[in-house]
Number of protein chains: 2
Amino acid sequence: MTTVGIVAEYNPFHNGHAYQIKQAKEMTGADTVVVVMSGNFVQRGEPALLDKWTRAKLAVEGGADLVVELPVFYAVQPSHLFAQGAVRLLGAMGVENLVFGSEHPDVDFLKLADEAPALEGQQGFADKKQTFAANYADQLEEATGFKLEDPNDILAFGYAKAVRELKLDMKLWPMARLEAGYHDQTFEEGQTIASASSIRLALHKGKFEKIDKVVPEETKKALAEENTTINFEEKFFPLIQYRALTDTVGQLGQVYQMAEGLEYRVAAVASQANGPQNYQSFVRAIKSKRYTFARMQRTLLYTLLNIKVDQMQAAMQDPYLRILAFDQKGQTFLNEIKKTVELPLISRVDMSLAKANLRLDYKAGEVWKLLAREGGPAQDVGRRPIQIEK
Amino acid sequence: MTTVGIVAEYNPFHNGHAYQIKQAKEMTGADTVVVVMSGNFVQRGEPALLDKWTRAKLAVEGGADLVVELPVFYAVQPSHLFAQGAVRLLGAMGVENLVFGSEHPDVDFLKLADEAPALEGQQGFADKKQTFAANYADQLEEATGFKLEDPNDILAFGYAKAVRELKLDMKLWPMARLEAGYHDQTFEEGQTIASASSIRLALHKGKFEKIDKVVPEETKKALAEENTTINFEEKFFPLIQYRALTDTVGQLGQVYQMAEGLEYRVAAVASQANGPQNYQSFVRAIKSKRYTFARMQRTLLYTLLNIKVDQMQAAMQDPYLRILAFDQKGQTFLNEIKKTVELPLISRVDMSLAKANLRLDYKAGEVWKLLAREGGPAQDVGRRPIQIEK
């Protein structure tokens, strides 16, 4: 049994993802595909369109053999922590290969990681007017000659750094992305591969018929069952305003990544008489040049979830493997590793676990429901992994 | 200049209130009517139909000369603390008379207060299956022979106790209520006086035309401008669920009046997979026989406002006189007292005051807007008292 890992959000699962799974097996010769997938919130700090169970099911139907949840404390993080968390889970399961998209598939990312300057000491960056990531990219280019600026390359570099830090024996397989670029917002008729963000945009605009050719039939069905026309921001905005208005600045200041006095801006913006009228404007109103829009969205999500620094740090030290879905091959793999795996394998969650180790994912699931699907099925307590017969 | 005080909620201001103001002047011979009125939330822990400015304006138009806000830390309290807070404000202004409705206007409430057993030591009540108020009423009946069970009598007794405790020279004038009983939920055609709760019920049912005869023209206009068909509970419920889901039990346990492990019930009910589907059921699900429905609503309002025990206690020690509206006579009265009044007279609030002494009222105003009138005018910062020329 040879395994290949993929780190994904599948928001939503589309033809490009199915193609990547197929390619991953061909490239590596692996027979089993293990996916580590974000849960109910994605890296940019936004709720996923479909819940984690539905997305995991679609992934197994689309070719994956096992889907494990990337817990919210790794999933909603800057790319280097996101990558590190995902690689930690794959490493714990002994996954031998990792396939990922890259804008520069010829680059040896492990070598790049070896030559890269240390990531610590961000405080010392010369240019205070650009983001931390841009400052680090400058340092890296100086040291190695490679300009780390494309989104998939940045993640690829994160995977390589993590493989080194965790001293894993994991082979990295960068893969050119077939689909349109990560940030492409449109796709043409006749196209069968499109980026997830262009698909979300089409859905957001209510152009449901446009996604016909670019997602599997099952994804289309699942999206039709959810009310994808609901804009989560309409619900997100009053809740974040409410939280910012009712918590003291002291309480807001304890939220994870609420750095450099940001809590004062959050409280002040929420109190403005003629303040922002929607969530996007709220994010823009608190943002400075030092931070990306995504970073601000993540911080507001932590605020919404009321996740404090100490809770986040404790959770990151204590990860687990939450099994969401598998097929027969996935089950065989789980049986093989269950005696040796270094992290807890979790296939059933009761309320006491939901209130202990899994409390951040539990909270995220409950709040996801408030935002996206009130009255929908429980996200954690009592749920069993989905088994797909192929 | 002789003054008479009235303690009110005016939710909304109706013909019975106008009649009471007229009667209060006639009974006492006073020339100036000073009203202490709840702000944006009323004693039962619910948002008022109209904001405090509109209600104060309607009161002055309806015969009052001055309306001072009863701050949220006094207004949203069990009746004895509500009464005590109101009497404290009236006493600080040197108001000489207090007129109030009572089911037993012949009772000498000051005498009753003198003969009453101490209110402290509620823990020692024998019957754990009834509310604290009912237990105290039993004790009082034993000591005095008077059964304190009607809502206006209970408040009247609270005023009398406060007058004694604060050693005030204030004359009490119980007055029979003309209108239907406090709890009457219906009124007939042709009736010109109806209870506020029956008026709210008619509005809630969308029977706007029914209130025609029982409220002044100005109240009708104000209610027509607000969208009175919006049920605030639709907004209250998701926010309270959100708060209960995202705060830790430790945080919930610090909320004012979250006693005897109630925080565990609140958290558990919010987490139930098939939990309450609306706010009323939520309140019922956490309620025990020891507590009234109103008490639970108040506790959930403190939870919604995120008001902790220490903040509440500090605020109650540090009250102020927030002027909402007045006419010429009210202005003359204010000029007379401003040099001698024992509490701060506040006619203008800036952000620093809103974040200091007035922070609980400020928070209440902002949350009231979220619940009842998003995008409505500021409730505190920058607002000046409303002056009515008569």
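Conventions we followed
- Residues numbered from 1 in each chain as written.
- Chains lettered and ligands numbered in written order.
- Predicted model: local features only at pLDDT ≥ 70, side-chain atom pairs only at ≥ 80, totals over all residues.
- Heavy atoms only, no water.
- Least-squares fit on C-alpha atoms with pLDDT ≥ 70 in both.
- Contact = heavy atoms within 4.5 Å.
- Salt bridge = Lys/Arg side-chain N within 4 Å of Asp/Glu carboxyl O.
- Buried < 20%, exposed > 50% of the residue type's maximum accessible area, 1.4 Å probe, protein only.
- Helix = DSSP H or I, 4+ residues; strand = E, 2+ residues; numbered from the N terminus.
- Buried area = accessible area lost by both parts, 1.4 Å probe.
- Polar contact = N/O pair within 3.5 Å; in protein donor to acceptor, adjacent residues only side chain to side chain.

> So what's going on with the relation of the copies chain A and chain B? Residues and values would help.
For the pair chain A and chain B, the best superposition has an RMSD of 0.0 Å and corresponds to a rotation of 180 degrees with a translation of 0.0 Å parallel to the axis. Such a combination of rotation and displacement between the chain copies is what one expects of a two-fold axis. When C-alpha positions in chain A are compared against the rotation axis, the closest is assigned to Leu239(A), at 3.6 Å. Interface overlap between copies: 96% of the residues of chain A at the interface are likewise at the interface in chain B, consistent with a symmetric, same-surface contact.

> So what's going on with the pattern of salt bridges? Residues and values would help.
For the structure on display, the rule yields 26 salt bridges over all chains. A salt bridge links Arg44(B) to Glu46(B); its shortest N-O distance comes to 3.8 Å. With relative accessibility at 33%, the residue Arg44(B) sits in the partly exposed group. By relative accessible area, which is 16% here, Glu46(B) ends up buried. Put simply, Glu69(B) and Lys52(B) hold a salt bridge, and the shortest N to O gap is 3.1 Å. Of the two residues, Glu69(B) is situated in strand E3 (residues 66-70) and Lys52(B) in helix H2 (residues 52-61); the sequence distance between them amounts to 17 residues. Connected through shared salt-bridge partners, Lys52(A), Glu69(A), Arg322(A) and Asp380(A) make up one network.

> Can you break down the interface of chain A and chain B residue by residue, with the values?
The interface is formed by 26 residues belonging to chain A together with 25 residues belonging to chain B. Here chain A meets chain B over a buried area of about 2,200 Å², counting both sides, of which 53% is carbon and sulfur. Per-residue buried area on chain A facing chain B is highest for Tyr242(A), Leu245(A) and Thr246(A); these three make up 28% of the total on that side. Viewed at the interface, chain B and chain A are joined by two salt bridges. Here Asp247(B) ties to Arg243(A) by a salt bridge, and the two come within 3.0 Å at their closest N and O atoms. For the pair chain A and chain B, the interface holds 18 residue pairs in polar contact (both at pLDDT 80 or more). Within the residue set of the side of chain A that touches chain B, elements represented by two or more residues are helix H10 (233-246), helix H12 (262-271), helix H14 (293-305) and helix H18 (359-372) of chain A. The greatest single-element share of the side of chain A that touches chain B, amounting to seven residues, is contributed by H10(A).

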